[in-house]
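Below are the chains, spelled out letter by letter.
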Amino acid sequence: MKRAQRLVGAVGILLLAGSAGQLLGRRTRDGFDHAKHSKLFPSCQSCHAGIRDASQPIFPSTASCAECHDGQVEKRVDWEAPVTPPPTNLRFTHARHDTQVRSRLGADSTLACVACHSEKAAGWMEVKRTLSRQCLDCHGHAETHLAVADSACASCHLTLAQASTLTRETIAGFPEPESHQAPGFALSGHGRQVSSTIPGQAVAASCATCHARDFCITCHVDAPEQRSIQALGEDPRSLAIATELKAPPSHAAANFLNRHGAQARGGAQECRTCHTRESCSTCHTQEPAAARGLAMAGAGRGKGAEVTRGRPASHGTDFRDSHAALAQASPRSCAACHARTECLDCHRPTAASTGSYHPAGFLTRHPVAAYARETSCADCHSSTAFCAACHQQSGLTAQKLLGSGYHDSKQSFAFGHGQAARQNLESCVGCHVERDCLTCHSARGGRNFNPHGPGFDADRMKRKNSETCTVCHGASIP
Amino acid sequence: MLVIGAGCAVSPALAQGYRVRLDGRVQSVGFRGVELDSIPVSSAVIGPSGGSYSPDGFAVRCAPGSAFCYFFRPGREQRAAPAVTSADFTVWGLGLTGLSFHGSARVAADLGNADVWPGTDPSVQLLEAYAEYNTEPLIGRLGRQVYSSRLGFSGFDGARITLRDVKRGFDAVGYFGQGLARGTALPVTSPALNPLDDFQPHDRQIVAGAALGYTGGLADIRLDYQREVDPRSDHFVSERAALASEVRLIPRLALAGGAEYDIAQGIWGSSDVTLRYVAPDFALSAGFQRYRPHFELWTMWGVFSPVAYQAVTGSASYSGLPHLQLRARGTRFFYEKTETETPLVSVEDHGWRYSLGATWTPIAQLSLEIGQEAEFAPGGSYVSYDGALSYAPREQLLFTLYGAKLTRPLEFRFDEATLREVGVGGSWRPSERWQVDLSAARFAENRKRPDAAAFDWNQTRLSARLSYLFGSGEGTLRLPKGRRPTETGSRTP
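Residues numbered from 1 in each chain as written. Chains lettered and ligands numbered in written order. Predicted model: local features only at pLDDT ≥ 70, side-chain atom pairs only at ≥ 80, totals over all residues. Heavy atoms only, no water.

Helices and strands together make up the secondary structure of chain A, namely 23 helices and zero strands. Every one of the 478 residues in chain A was classed for burial, and the buried ones make up 33%. Taking all contacts inside chain A whose residues are at least 6 apart in sequence as the whole, residues at least 24 apart take part in 58%. (Helix = DSSP H or I, 4+ residues; strand = E, 2+ residues; numbered from the N terminus. Buried < 20%, exposed > 50% of the residue type's maximum accessible area, 1.4 Å probe, protein only. Contact = heavy atoms within 4.5 Å.)

Below, the structure is given as structure tokens:
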């Protein structure tokens, strides 16, 4: 039962909502159906006498409607003549237009209302608001309304800043010219069309009709430097036409981050349109020279492109391990975005650091990583202050006693240690000192084993640092 | 240095702009190492497997002719609590356009019971402190600084001049000064660099170098030369040259690599070349790498002729699936001939490694990362599995839970070990000035060894970090990671 009641209630609410919608819809329609009354009125002036005679009202009075719509002959109507002119951006008045027609075509010339308000084949009183096509035809413009030359716009239209009666809603509903859909219009296209063909005018009327300075400042950081933008009036209503700053296709190129510096140095003028100096400092740790050509953020300028600091294409998932090559080849590129403290955080780690470069738990596998090293430990760690000191505290030192048996996985390790030593001497150094090796490998004592292996250049060594040679060879270096 | 230090000390008061970052970290670690012990040969007993054992069950090594047998028993439990406070500062606006001061210093101490932690001695370490004069064609630096190149990170106290032709992309660098040791901010004469009491230079080396570079849209190339000389004997400590480059002839495709030559020893050092293709949904790379360790000539290590290994590498990552990213890497490497073969020893000269991983991000706040890595190489091998779950309910808050399992043979030591790790961490940034990090990790090891030396390496680590940033100017202090304030103090609108 309750379910049925709920269903009925819901249907009722829907019906009510629908009826209200219909009512509201009717109220918003044009109140007077001209075509329906076509047989009653032989001329336009009978109702709109004020069009030609400024002393008369433009619209009929309510009383004149009530002559028929008295509630008996016809139902009453609640229409009232508007007391203010409708919102418009037309610089047109009927009286002036009439005067101009007469002055141009002759004193006895006249222009019927239907010339502008009815389609050419339309019947009597099948009228519409201004038909721009008719205007253009009379004025000799074959193009479509929104494609006429900019010099023609001002014949009929005020600039947006001058058309103070237009509401934001009306402005938002302005039709978009076809030219605005052309590829590249938003980037460089509109800049080429902004110049007026009328001498002495800084901005094309075709722009000024729909746009004001505030609209341009949505994107243009260089608005104060752009004469055409400054020529437009200020008007916040112009923001009713939504626009947004979009990155040009060049910025999507895979290597854009690498190349943007050269491009900026070669043509900062282009960058200046959308970027403030703050754009550069979002990433750059030091202000690049090209940034000096850009404006600081400030009043009267667009806030510009909001730059997000992103990873360049080169900074892939394994970049942590492979960054050395790029950093070595181009330290300046790194320094553009990274501060030295970042390098030192890893390359000179603190004693209390839990590690940022190595993954969690690296301590457990560091012996293997140090042996067959993928990266050089010595770039960040001192083999004595870090490796040897820690091993010493853990008891992992030879303590000048070879054959202690620590390497007990192979009983013959001492015989085969040469391989381990040559393959990774840096690991040996973690626990052994030079004297351990000199016990056997010295020309002056021990077992006189020759430590020199493949590629050893004795002459060069003697020339560069003979002191090293004297440790084993004394004064008689061969 | 005193002048620089004094300048740095007074300049914040006089300068129009400054940024200071104070960063305090503390870690608590309890661990047990090993301790060398011995027994007389006569005390050794024969174990069930026939080998020699100590009376308390440790396998011992009795060298022929020696009166003692040696073994490693568990060391005493040690507790370390390294605490480090770092201060980084930049000061500008001193009346001369382009002049600024930069510094980075650390104060460290081990608050544990044994003062064992590496890197806490000496307690005050100066990483960098220099004055910089920066104009477009010239950059001059004076003071302690770190110069990074293909030859590594070289620290020195001295001067450096860079001349730039920004428009054409060329630059030239020259530097000269007293050098610091590799991998640390300490001079080679520091006692902290001689923990095992062996050879150590008496004087700091004189370092001098030069570089030429070109940076362009299609390619970067850099040539470096560096020499280090012992001022006491005028002998070379090192003399090296290196070439590094990256070429980007086709969008998304880059060829990067370089090579080092040790002029002092007359040998080629490390080199590599990698071809990398990065598309929006995937990335591929393939390359060749050669690694050869570098030792300065004041050590003996170079004369032992360490050999290089050569590797071919490849990697791929794919992020075309919704919420999922996949990645894989692999390397096959070969050591060059060591000339150490003996009748008793067969030489292993090759190895491989690979890693597989996936990251699943079902929602922006949550990500799950799993991976597997394995390596087989002479001297060490392992297989590991790891996973991490990260949850960021707000931009300022991040929680991480992670775990790993590692199976490995102990390097040149008997026998295998399985190690498990679990950890939890949290990061909180209550404001732009403050950041707090806390983490805890537990390592649990199981050693498969049939004697008393099968003791574990279990340990728990706790760490905390507090970072505070302050400076002149209003608004954002904590800039995007990797960014520091500009002299204009300007920011993103």
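Residues and elements named next belong to chain B. For the peptide bond that leads from Asp121 to Pro122, omega is 0°, which places it in the cis range. Within the secondary structure, Pro122 is located in the loop between strand S7 (99–110) and strand S8 (124–134). Positive phi, normally seen in glycine, also occurs at His323, with a value near 65°. Considering the arrangement of structural elements, one finds His323 in the loop between strand S18 (309–321) and strand S19 (324–335). Positioned with a positive phi, Glu339 is a non-glycine residue whose angle comes to about 60°.

Turning our eyes to something else, we now look at the confidence of the model for chain B. All names here are of chain B. Overall, the prediction assigns chain B a mean pLDDT of 86, with 91% of residues at 70 or greater. Per-residue pLDDT stays below 50 along residues 1–11; that stretch engages in 15 contacts with residues further than four places along the chain or on separate chains. Here residues 482–493 is a poorly scored stretch, pLDDT under 50, and it has 46 contacts once near neighbours within four places are set aside; other chains count. (pLDDT = per-residue confidence, 0-100.)

What follows covers the confidence of the model for chain A. Considering every residue of chain A, the mean pLDDT works out to 81; 89% of them sit at 70 or more. Below a pLDDT of 50 lies the segment residues 10–29 of chain A, which in the model reaches zero contacts outside its immediate sequence neighbourhood of four places, other chains included.

With that settled, the discussion passes to the interface of chain A and chain B. Taken together, the contact between chain A and chain B spans 125 residues of the former and 157 residues of the latter. The junction of chain A with chain B conceals about 12,500 Å² of combined surface from both sides, 57% of it contributed by carbon and sulfur atoms. Counting the surface chain A buries against chain B, the share from its top three residues, Arg332, Arg348 and Glu434 of chain A, is 6%. At the junction of chain A and chain B, the tally comes to five salt bridges. A salt bridge links Lys464 of chain A to Glu239 of chain B; the nearest nitrogen and oxygen atoms lie 2.6 Å apart. Viewed at the interface, chain B and chain A are joined by 28 residue pairs in polar contact (both at pLDDT 80 or more). (Buried area = accessible area lost by both parts, 1.4 Å probe. Salt bridge = Lys/Arg side-chain N within 4 Å of Asp/Glu carboxyl O. Polar contact = N/O pair within 3.5 Å; in protein donor to acceptor, adjacent residues only side chain to side chain.)

Within the structure shown, the criterion is met by one disulfide over all chains. Between the sulfur of Cys62 of chain B and that of Cys69 of chain B lies a disulfide, 1.8 Å long from S to S. One disulfide, between Cys62 of chain B and Cys69 of chain B, carries an S-S torsion of 110° and so falls in the right-handed class. For Cys69 of chain B, a relative accessible area of 0% gives the class buried. Its sulfur unpaired, Cys469 of chain A is 8.9 Å from the next cysteine sulfur, which belongs to Cys472 of chain A. (Disulfide = S-S within 2.5 Å.)

Our next topic: the pairing of strand S6 (residues 82–92) of chain B. Residue and element names in this part refer to chain B. Of all 11 residues that make up S6, eight are buried, and the element is covered over most of its length. As judged from the 10 bridges shared by strand S1 (residues 17–40) and S6, these two strands associate in the antiparallel manner. Looking across to S6, one finds that Tyr18 is bridged to Val91. With 11 bridges connecting them, S6 and S7 associate as antiparallel partners. Within S7, the residue paired with Pro82 across the bridge is Asp110. The turn joining S6 and S7, which pair antiparallel and follow one another in sequence, is formed by six residues; a positive phi near 75° is taken by Gly93. (Pairing = 2+ DSSP bridges.)

Turning our attention to helix H5 (residues 132–139) of chain A. Residue and element names in this part refer to chain A. Turning to H5, its buried residues are Gln134, Cys135 and Leu136. Buried positions along H5 lie against helix H4 (114–117). Just beyond H5, the residue with positive phi is Gly140, at close to 80°.

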